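# A structural walkthrough
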Amino acid sequence: MKIVFATHNLHKAEEAQKILGADYQVVNLHDLQCPEIPETAQTLEGNAVQKAQFVLERYHCDCFADDTGLEIEALDNRPGVYSARYAGENCSFEDNVNKVLQEMQGITNRKACFKTVICLLLNGEKHLFEGRVDGIITETRHGENGFGYDPIFLPDGFTQTFAEMDADTKNHISHRGRAMQKLIAFLKNKTK
Ligand code: IMP
């Protein structure tokens, strides 16, 4: 079965293909030569739905889209839906991490969580799947793997940040991994 993942991020598309296995052919937005899709909603769910609907209207095919945010309790759940551009338009992952570390200086409550929402549009019907992982924001960076806020996120029950873990360990417990597992369970059940 062919299914479009509404992402230009090849790393995420590859990860999805690996999890979904040979029964599915994951097509990404580069394959479709699709332009950048606007993400103007105020919630993760809103953005995931917006991206999936864009693909459905343009290409008339089953698809799914995801959106992720890091919510930090002491920062009133910022950066949240603005995680990608927290330090400003065209900022780097490093700029975002610097901004969070600066804002968290001297703060003892370091609780945070990553949340992912996936929107699947299958045969014109909408289905939502959520994944979450709780942890803390470290005082300094640790590790070189991964991307985004990985070097400063220590998941509960672990002694390594996401950036110190290998990809398989992170994917197993991560927000996106958990949301993907729910999506896969649903798809496998549907196509049984
Ligand atoms: P997206 O919705 O997957 O594009 O994620 C939005 C932003 O959240 C990214 O630009 C990253 O800054 C951050 N982010 C998403 N997933 C992760 C992750 O697994 N680790 C660290 N940061 C992430």
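See above for the structure.
Summarised in this report is the structure supplied together with it. This structure is a prediction, so every number in the text was calculated from the model and none was measured. (Residues numbered from 1 in each chain as written. Predicted model: local features only at pLDDT ≥ 70, side-chain atom pairs only at ≥ 80, totals over all residues. Heavy atoms only, no water.)

## Details of the side chain of Lys-115
- Mapped onto the elements, Lys-115 comes out in strand β5 (residues 111-122).
- A polar side-chain atom of Lys-115 sits 3.1 Å from a polar atom in the side chain of Glu-71.
- Each residue touching Lys-115, except ones within four places of it in the same chain, is listed here: Leu-44, Asp-67, Thr-68, Gly-69, Glu-71, Glu-130, Gly-131, Arg-132 and His-175. (Helix = DSSP H or I, 4+ residues; strand = E, 2+ residues; numbered from the N terminus. Polar contact = N/O pair within 3.5 Å; in protein donor to acceptor, adjacent residues only side chain to side chain. Contact = heavy atoms within 4.5 Å.)

## Focus: the pairing of strand β1 (residues 2-5)
- Pairing geometry for β1 and strand β2 (residues 25-27), over three bridges, is parallel. Bridge pairing links Ile-3 to Val-26 in β2.
- Note that the unit made of β1, helix α1 (residues 10-20) and β2 has a crossover that is right-handed. (Pairing = 2+ DSSP bridges. Right-handed = clockwise from strand over helix to strand, strands pointing away.)

## Notes on the site of the ligand
- As a structural note, the neighbourhood of the ligand is formed by 14 residues, with Lys-12, Asp-67, Thr-68, Asp-150 and Lys-170 the closest of them.
- The contact in question runs from a nitrogen atom of the ligand to an N or O atom on the backbone of Tyr-149, over 3.1 Å.
- Protein contacts shield 90% of the accessible area of the ligand, which totals 470 Å² for the unbound molecule.
- The cavity where the ligand resides is the largest pocket.
- Where the shell around the ligand is concerned, the elements lending two or more residues are β3 (63-72) and α5 (175-190).
- Split by residue class, the shell around the ligand holds five nonpolar, four polar and five charged. (Near = heavy atom within 4 Å. Areas by Shrake-Rupley, 256 points an atom, 1.4 Å probe, with all protein chains shown as cover. 1 Å grid on protein atoms, 1.4 Å probe; cavity = no way out; pocket = protein on both sides within 12 Å on 5 of 7 lines; lining within 4 Å. Sits in = over half its atoms within 2 Å of the grid points. Nonpolar A, V, L, I, M, F, W, Y, C, P; charged D, E, K, R; others polar.)

## Regarding helix α3 (residues 93-103)
- All of the buried residues in α3 are Asn-96, Val-97, Val-100 and Leu-101. Down the axis of α3, the buried side of the element spans an arc of 130°, and every buried residue falls inside it. Away from its buried face by more than 90 degrees, α3 exposes Glu-94 and Gln-102.
- Considering only its buried residues, α3 is in contact with β3 and β6 (125-137). (Buried < 20%, exposed > 50% of the residue type's maximum accessible area, 1.4 Å probe, protein only. Arc of directions from axis to C-beta.)

## Quick notes on the layout of surface pockets
- In this model, the largest pocket occupies a volume close to 1,000 Å³.
- Lining the largest pocket are 37 residues; nearest its centre among them are Lys-12, Glu-39, Asp-67, Ala-84 and Arg-85.
- Among the secondary structure elements, those contributing two or more residues to the lining of the largest pocket are α2 (44-59), β3, α3 and α5.
- With five residues, the single largest contributor to the lining of the largest pocket is β3.
- For the lining of the largest pocket, the residue count by class is 13 nonpolar, 13 polar and 11 charged.
- Along its surface, the second largest pocket is lined by 14 residues, and His-11, Glu-15, Asp-166, Ala-167 and Asn-171 are the ones closest to its centre.
- Of all the elements in the fold, those that place two or more residues in the lining of the second largest pocket are α1 and α4 (167-173).
- Looking at the lining of the second largest pocket element by element, the count peaks at four residues for α1.
- For the lining of the second largest pocket, the class distribution of residues is four nonpolar, four polar and six charged. (Points joined across faces, edges and corners; volume = space filled by probe spheres on them.)

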